[in-house]
Amino acid sequence: MEVVTVCLELTGWSVARPFVEAASPAHPTLIDQTHQMDALFGVVNIPNVVWIDEHGTIVRPAEPGWPPRVQLPEWLEAMNASDDEDAPAGLEALSGGQDRRAYPGAIRDWAARGAESRFALAPSEVMARSQKRPIEVSRAAAEFELANHLWRHGRREAAIAHFNECHRLQPDNWTYKRQAWSLIGREQVDGDFGLFMQGPNPGGDETWPFDTDFMTDVGKLNKGEYFPKTM
Amino acid sequence: MILDRVDIDAREFTAGTGWEIKPEGACMGDVCVPLQRADDFDLRSTAERLRMALVHDAEERLWALGPASLGNRALASAEAPDLSLPDFDDNEFRLSSLRGQKVVLVSWAPY
């Protein structure tokens, strides 16, 4: 079995490089500047995992999944309440949902048993469980690609207009939203914390260019809906 | 797929989307969608058949073509798309190079 990690970051390796160097992975480590994972596989949040068998057939479509050991900064660990019942106020949606502790065991079961694993799905089930994609979601992807292209060519205001339209069309795509919010967050605050800034600075609502932000949108979800349970 | 014009040919369409234009229609993996005129490629009608959104920014003189939305699902087939992306050393890596092994494909981000 091979693990392949894909970093969804439109500015390229410059921002992601320290994380990869710290992990020193032996597996293929890819950069996805245009969020092809969203368009091709239906990824809508991170971390997301797709299982593919020896024949190139997907046996589990994109779903929330975690490695056995996750090392996070202390401040993020506190926010990322996992399966705990006492998630910080406003972040209850991050708790519950997919069982983080059980996920690596499911992968091991598939590695050992292959198609006989109860976690390996038939092709029809894989397609049926993949993300819903009405034409509005295809339009959201096109809007994101325009925004991405314009941002990388220095057309900031034009890019933000397309990001906002993308977010309106597909509100449950968190990678599209978090990517865009983070671009402004890192302008507001230096360092790793700036990457995780997903909303206006206190008192900075007037300068926040997006129609939405992380706390507002997560606050609309029920417990377990941010990382929905799929197994 | 970003475009600065819509009068592209079938070859450009395939390079940007992965959908091949064949006599039987637009094909990817084991899925083929018949086209009205497969011998005379037209982006707008092909996009409509594949349920791909075509978005235009007139001021920037750009178009963007969204992914196919056949069956209202992200996956029209369980066959894995042949993802091709740069690795950490900036070499192009194709997912299909791992055929014969199980693959766990993990998406992450630094935000």
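Our subject is the structure that appears above.
Criteria and thresholds
Residues numbered from 1 in each chain as written. Chains lettered and ligands numbered in written order. Predicted model: local features only at pLDDT ≥ 70, side-chain atom pairs only at ≥ 80, totals over all residues. Helix = DSSP H or I, 4+ residues; strand = E, 2+ residues; numbered from the N terminus. Rg over C-alpha atoms; globule rule 2.2 N^0.38 Å. Contact = placed C-beta atoms within 7 Å. Nonpolar A, V, L, I, M, F, W, Y, C, P; charged D, E, K, R; others polar. Pairing = 2+ DSSP bridges. Buried ≥ 20, exposed ≤ 12 C-beta atoms within 10 Å, placed from the backbone. Axes fitted to C-alpha atoms, helices over the stretch in contact; angles between N-to-C directions. Parallel < 35°, antiparallel > 145°, perpendicular 65-115°, else oblique. Left-handed = near helix turned anticlockwise from the far one by under 90°. Core = buried A, V, L, I, M, F, W, Y, C linked by C-beta atoms within 7 Å. Domains from an automatic or database assignment.

Draft legend 1. Here's a closer look at the overall build of chain B. Along chain B, the regular secondary structure elements total 2 helices and 9 strands. Secondary structure elements in chain B, listed N-terminal to C-terminal, are β-α-β-β-β-α-β-β-β-β-β. By principal-axis analysis of the C-alpha atoms, chain B measures approximately 40 × 35 × 25 Å.

Draft legend 2. Structural context of the overall build of chain A. Within chain A one finds 10 helices and 4 strands. Helices and strands in chain A line up, N terminus first, as β-α-β-α-β-β-α-α-α-α-α-α-α-α. Taking 2.2 N^0.38 as the reference for a compact globule, 231 residues should give roughly 17 Å; the C-alpha atoms of chain A span a radius of gyration of 18 Å, in line with that estimate. With the C-alpha coordinates of chain A rotated into their principal frame, the extents come out at 55 × 40 × 35 Å.

Draft legend 3. Inspection of the interface of chain B and chain A at higher detail. Contacts between the two partners involve 42 residues from chain B, matched on the other side by 67 residues from chain A. Of all the elements in the fold, those that place two or more residues in the side of chain B that touches chain A are β5 (54–57), β6 (62–65), β7 (84–86) and β9 (103–108) of chain B. With 6 residues, the single largest contributor to the side of chain B that touches chain A is β9 of chain B. Looking at the side of chain B that touches chain A residue by residue, the classes come out as 27 nonpolar, 7 polar and 8 charged. Both strand β3 (residues 48–52) of chain A and β9 of chain B contribute to a ladder of 5 bridges, which runs antiparallel. Counted as the bridge partner of V50 of chain A is L105 of chain B from β9 of chain B.

Draft legend 4. The arrangement of the environment of L221 of chain A in detail. All names here are of chain A. Assignment of secondary structure puts L221 in the segment after α10 (214–218). For L221, a count of 16 C-beta atoms within 10 Å gives the class partly exposed. Expressed as a C-alpha distance, the spacing of L221 and M127, which sit 94 residues apart in the sequence, is 25 Å. When sequence neighbours within four positions are dropped, the list of residues in contact with L221 reads A93 and Y226.

Draft legend 5. Region of interest: the packing of helix α6 (residues 135–152) of chain A against helix α7 (residues 156–169) of chain A. Residues and elements named next belong to chain A. Running from N to C, α6 and α7 cross one another at 160°; their axes reach a closest spacing of 8 Å. Between α6 and α7, the interaxial angle falls into the category roughly antiparallel. α7 is crossed by α6, and the crossing has left-handed handedness. From α6, E136, V137, R139, A140, E143, F144, L146, A147, L150 and W151 reach across to α7, where they touch R156, A158, A159, H162, F163, E165, C166 and L169. Of the residues that constitute the contact of α6 with α7, the class distribution is 12 nonpolar, 1 polar and 5 charged.

Draft legend 6. Region of the structure containing the nonpolar core. Counting 83 residues, the largest nonpolar core has V6, V50, W51, I58 and A147 of chain A together with A64 and L105 of chain B as its most contacted members. With 9 residues, α6 of chain A is the largest single contributor of residues to this core. Two domains each put at least three residues into this core: domain 1 (5–129) and domain 2 (135–218) of chain A.

Draft legend 7. Geometry of the environment of V49 of chain A. Structurally, V49 of chain A can be placed in strand β3. What makes V49 of chain A buried here is the crowd of 25 C-beta atoms within 10 Å. Distance from V49 of chain A to E187 of chain A, taken between C-alpha atoms, is 30 Å for residues 138 residues apart in sequence. In this view, V49 of chain A contacts E63 and G65 of chain A together with V104, L105 and V106 of chain B; residues no more than four positions away in its chain are not counted.

Draft legend 8. The environment of M197 of chain A, seen in detail. All names here are of chain A. Considering the arrangement of structural elements, one finds M197 in the loop between α9 (191–196) and α10. Expressed as a C-alpha distance, the spacing of M197 and V70, which sit 127 residues apart in the sequence, is 20 Å. The contacts of M197, once residues within four sequence positions are left out, are S182, G185, R186, Q188 and V189.

Read these as layout, nothing more, since geometry by itself doesn't imply function.
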